[in-house]
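# Coordinate analysis (summary)
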Amino acid sequence: MNNCINLVVVDNQDNYANLIKDYIDICNYKGKIEVSYQDNVKNALKEVAKDPSSIVILDAYIDDANSIDILNSLNNQNITTFLVSDNPSSEIKNAAINHGASEFLIKRYEVEDLDPLFEMILKYSKDDVVLN
């Protein structure tokens, strides 16, 4: 049993990555959730390879890759992946779920709006991690 969730955030928008960092700081999850922020898929896949129990938050519109291809790859590795997007279209949501995303979530840009995301992270964690 690992006592820490390895969270890999793949997003080329610094403000979203910083928001997640702020949430972890505010909720005192340091040491319980370790986060790696990657702005490209190549580095993200290297990070995930280090810990197959990682949970990935993948931006639907990452610059250097097709997010559906990445979802397929991560799904084949049995990696829990949440696809996030600013665009709430049902087309994106359906494609995400059909290609292996565990969840599709709309990006939220206020710290207080991240509770549902972190509830999902805990729900899908493969380790017995207690955040409270």
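Note that this is a predicted model, so its numbers are computed, not measured.

## Some words on the nonpolar core
If you look at the biggest cluster of nonpolar residues, it comprises 20 residues, and the most contacted ones within it are Leu7, Ile20, Ile57, Leu117, Phe118 and Ile121. Put simply, the parts of the chain that give this core at least two residues each are strand S1 (5–10), helix H1 (14–26), strand S3 (55–59), strand S4 (80–85) and helix H5 (115–124). Looking at this core, the element that brings in the most residues is H1, giving 5 residues. Excluding residues within four positions of it along the chain, leucine 7 makes contact with Ile20, Ile33, Glu34, Val35, Ser36, Ile55, Ile57 and Ile121. Judged by nonpolar contacts, the second largest core, of 18 residues, contains Val10, Ala60, Leu83 and Ala101.

## Details of the sheet that holds strand S5 (residues 103–106)
Taken together, the 5 strands give an open sheet; going across it, the order is S2-S1-S3-S4-S5, and neighbouring strands pair in parallel fashion. The open sheet has two edge strands, strand S2 (33–38) and S5, and neither has a second partner. This sheet shows a mean twist of 20° between the axes of neighbouring strands, independent of strand direction. For S4 and S5, the ladder comprises 4 bridges, and the chain directions are parallel. In the sheet register, phenylalanine 82 faces S5, and the bridge partner there is glutamate 103. The sheet contacts of helix H2 (residues 41–50) involve S1, S2 and S3, and relative to S1 the element is tilted by about 170°. The strands touched by H5 are S1, S2, S3, S4 and S5; relative to S4, the strand with the most contacts, the crossing angle is about 165°.

## Details of unusual backbone geometry
Unusually for a residue other than glycine, asparagine 28 sits at a positive phi of about 60°. Tracing the chain through its elements places asparagine 28 in the loop between H1 and S2. In this model, asparagine 78 sits at a positive phi of 60°, which is unusual for a non-glycine residue.

## With respect to the environment of valine 9
Take valine 9: it is sitting in strand S1. In sequence terms valine 9 and isoleucine 20 are 11 residues apart; their C-alpha atoms lie 8.8 Å from each other. In this view, valine 9 contacts Ile20, Val35, Ser36, Tyr37, Gln38 and Ile57; residues no more than four positions away in its chain are not counted.

So, how was this worked out
Residues numbered from 1 in each chain as written. Predicted model: local features only at pLDDT ≥ 70, side-chain atom pairs only at ≥ 80, totals over all residues. Heavy atoms only, no water. Core = buried A, V, L, I, M, F, W, Y, C linked by side-chain atoms within 4.5 Å. Buried < 20%, exposed > 50% of the residue type's maximum accessible area, 1.4 Å probe, protein only. Helix = DSSP H or I, 4+ residues; strand = E, 2+ residues; numbered from the N terminus. Contact = heavy atoms within 4.5 Å. Pairing = 2+ DSSP bridges. Axes fitted to C-alpha atoms, helices over the stretch in contact; angles between N-to-C directions.

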